[in-house]
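Structure at a glance
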Amino acid sequence: SAGMANYYISLGHTFLRQGLYENAVALHGKAYRFFLKKRNFERMAVAAHNYGEALYWVDSLEKAEAFTQYAIHLTDSLRLPQLKTSSLK
């Protein structure tokens, strides 16, 4: 459910703060795949941004850049300037 996917995002943030980057990648990836399947574009943008950031921390730079660029594209399309600012960071 969307509730579980949002939980994955929250738990992924917790793992990032703890330096458990592989766990964060797994959870943010699960959240992204859920929202992709449901075609929930706003949540896909959030999840792509988070997934890209987590991938950065495990030195998967090409994937990190791809997901971050995709998040930026979605935020432009959906007019989500707050998330775009975070993605540009």
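Cut-offs and rules
Each chain has its residues counted from 1, following the order in which its sequence is written. Thresholds applied to this predicted model are a pLDDT of at least 70 for local features of residues and 80 or more for the giving and counting of side-chain atom pairs; totals over whole chains, interfaces and linings are not thresholded and use all residues. Side-chain figures throughout are based on the complete set of non-hydrogen atoms in the structure, without hydrogens or water. Note on terminology: a nonpolar core comprises buried Ala, Val, Leu, Ile, Met, Phe, Trp, Tyr and Cys residues joined through side-chain atoms within 4.5 Å. We call a residue buried when its accessible area falls under 20% of the maximum for its residue type, exposed when it is over 50%, and partly exposed in between, using a 1.4 Å probe and counting protein chains only. Secondary structure elements are defined from DSSP: runs of H or I of at least 4 residues count as helices, runs of E of at least 2 residues count as strands, and each element is numbered from the N terminus. Whether two residues are in contact is decided by their heavy atoms, any of which lying within 4.5 Å being enough. To estimate how far a helix should extend, the number of its residues minus one is multiplied by 1.5 Å.

This brings us to the nonpolar core. In this structure, Tyr32, Phe35, Tyr51, Leu55 and Phe67 are the most contacted members of the largest nonpolar core, which totals 24 residues. At the level of secondary structure, the elements contributing two or more residues to this core comprise α1 (2-18), α2 (21-38), α3 (41-57) and α4 (61-78). For this core, the element with the highest residue contribution is α3, accounting for 8 residues. Not counting residues within four places of it along the chain, the set of residues in contact with Tyr51 comprises Val25, His28, Gly29, Tyr32, Arg33 and Phe67.

Our next topic: the side chain of His28. Looking at the element boundaries, His28 is found in helix α2. Setting aside its immediate chain neighbours within four residues, His28 contacts Ile9, Gly12, His13, Leu16, Asn50, Tyr51 and Ala54.

It is worth spelling out α2 at this point. Its 18 residues give α2 an end-to-end C-alpha distance of 26 Å, which sits within 8% of 26 Å, the value for a rise of 1.5 Å per residue. Buried-residue contacts for α2 involve α1, α3 and α4. The first or second residue beyond α2 is Arg39, which carries a positive phi of 60 degrees.

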